[in-house]
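A closer look at the structure
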Amino acid sequence: MFHLSINLAEAVKLKSIITKKIQELNISVHQVTHVVIEKGQEPKQPALTLEKLEANLKQLRYDSRKLDALIYRANINNTITFNDEEMPIVEAIELANQLRAEAAFCKKLGMEDKESYFHSVGDTMLYRVALYEPIDYLNRANEIEKQAHRLSNAINAKNYQVEIDFDDANYY
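Everything in this summary refers to the structure shown in the same document. What you see is a predicted model, and the numbers here were worked out from it, not measured in a lab.

Close contact between helix α2 (residues 50-77) and helix α3 (residues 89-110) brings their axes to 5 Å; oriented N to C, the two are set at 85 degrees. Taken as axis vectors, α2 and α3 run roughly perpendicular relative to one another. Along the contact surface, α2 presents Ala-74, Asn-75 and Ile-76, while α3 presents Ile-89, Val-90 and Ile-93. Partitioned by chemical class, the residues of the contact of α2 with α3 number 5 nonpolar, 1 polar and no charged.

And the structure:
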């Protein structure tokens, strides 16, 4: 028996393509279900029937579900080593998201002034003073962003190595 397979990176891209095709067919359904005619005229039947669109949607939804399951399984069953820790791809993806969020948080703290004018009350001037060193957080943000990039690169590389059984002939 001949098995067709694609790598995980292609599967993720294909999932996006299938999702877009489903959205397009849903729009097409609305275009073929009604026509505007003058009273007494016979409506022209569209070349693409509702039944054909429904059959196409059924196949796309099936492929989408199966592809999702294969992607999830691959993301759980395959690992990446990052900072001397081995983890499933799904965990690495979550870690990359967390690192990006942490970098954004640190960058925001790093952009603050160490001391800035706040308000005056009579002759008294009040200042807003950071209780930390903003530049340290800016440097930390840069380092965390580098880690996130390294991890994303490792995930992408792994996605091209992992093969899943899926026939993509209907889509390419």
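Don't stop here, the text continues.
Our next topic: the packing of α3 against helix α4 (residues 134-161). Between α3 and α4, whose axes approach to 8 Å, the crossing angle comes to 160 degrees. Judged by the inter-axis angle, α3 sits roughly antiparallel to α4. Between α3 and α4 lies a crossing of left-handed hand. Here the contact of α3 with α4 is composed, by residue class, of 17 nonpolar, 4 polar and 6 charged.

A few words on the pattern of salt bridges. Taken as a whole and judged by the stated rule, the model has 6 salt bridges. Measuring nitrogen to oxygen at the nearest pair gives 3.3 Å for the salt bridge that ties Arg-140 to Glu-102. Taken together, the positions of Arg-140 in helix α4 and Glu-102 in helix α3 put the pair 38 residues apart, joining distant regions of the chain. Overall, Arg-140 belongs to the partly exposed group, its relative accessible area being 37%. A relative accessible area of 31% places Glu-102 in the partly exposed class. Here Glu-133 makes a salt bridge to Lys-114, at a shortest N to O gap of 3.4 Å. Note that Glu-133 is positioned in the loop between β5 (124-129) and α4 and Lys-114 in the loop between α3 and β4 (115-121), a separation of 19 residues in sequence. The class for Glu-133 is partly exposed, based on a relative accessible area of 39%. Using a relative accessible area of 36% as the deciding quantity, one classes Lys-114 as partly exposed.

By secondary structure assignment, the location of Asp-63 is in helix α2. In this structure Asp-63 touches Ile-18, Phe-166 and Tyr-171, once residues within four positions along its chain are discounted.

We now examine the side chain of Lys-15. Here Lys-15 is to be found in helix α1 (residues 8-32). A distance of 3.5 Å separates the side chain of Lys-15 from the side chain of Asp-68, its partner in a polar contact. Those residues within four positions of Lys-15 in sequence are excluded, and the remaining contacts are Ser-64, Leu-67, Asp-68 and Ile-71.

What follows concerns the pairing of strand β2 (residues 79-82). Residues Ile-80 and Phe-82 line the buried face of β2, whereas the alternating positions Thr-79 and Thr-81 sit on a face that is not buried. Where β2 hands over to strand β3 (residues 85-88), the hairpin turn is made up of 2 residues, of which Asn-83 adopts a positive phi near 50 degrees.

Rules behind the numbers
- Residues numbered from 1 in each chain as written.
- Predicted model: local features only at pLDDT ≥ 70, side-chain atom pairs only at ≥ 80, totals over all residues.
- Heavy atoms only, no water.
- Axes fitted to C-alpha atoms, helices over the stretch in contact; angles between N-to-C directions.
- Helix = DSSP H or I, 4+ residues; strand = E, 2+ residues; numbered from the N terminus.
- Parallel < 35°, antiparallel > 145°, perpendicular 65-115°, else oblique.
- Contact = heavy atoms within 4.5 Å.
- Nonpolar A, V, L, I, M, F, W, Y, C, P; charged D, E, K, R; others polar.
- Left-handed = near helix turned anticlockwise from the far one by under 90°.
- Salt bridge = Lys/Arg side-chain N within 4 Å of Asp/Glu carboxyl O.
- Buried < 20%, exposed > 50% of the residue type's maximum accessible area, 1.4 Å probe, protein only.
- Polar contact = N/O pair within 3.5 Å; in protein donor to acceptor, adjacent residues only side chain to side chain.
- Pairing = 2+ DSSP bridges.

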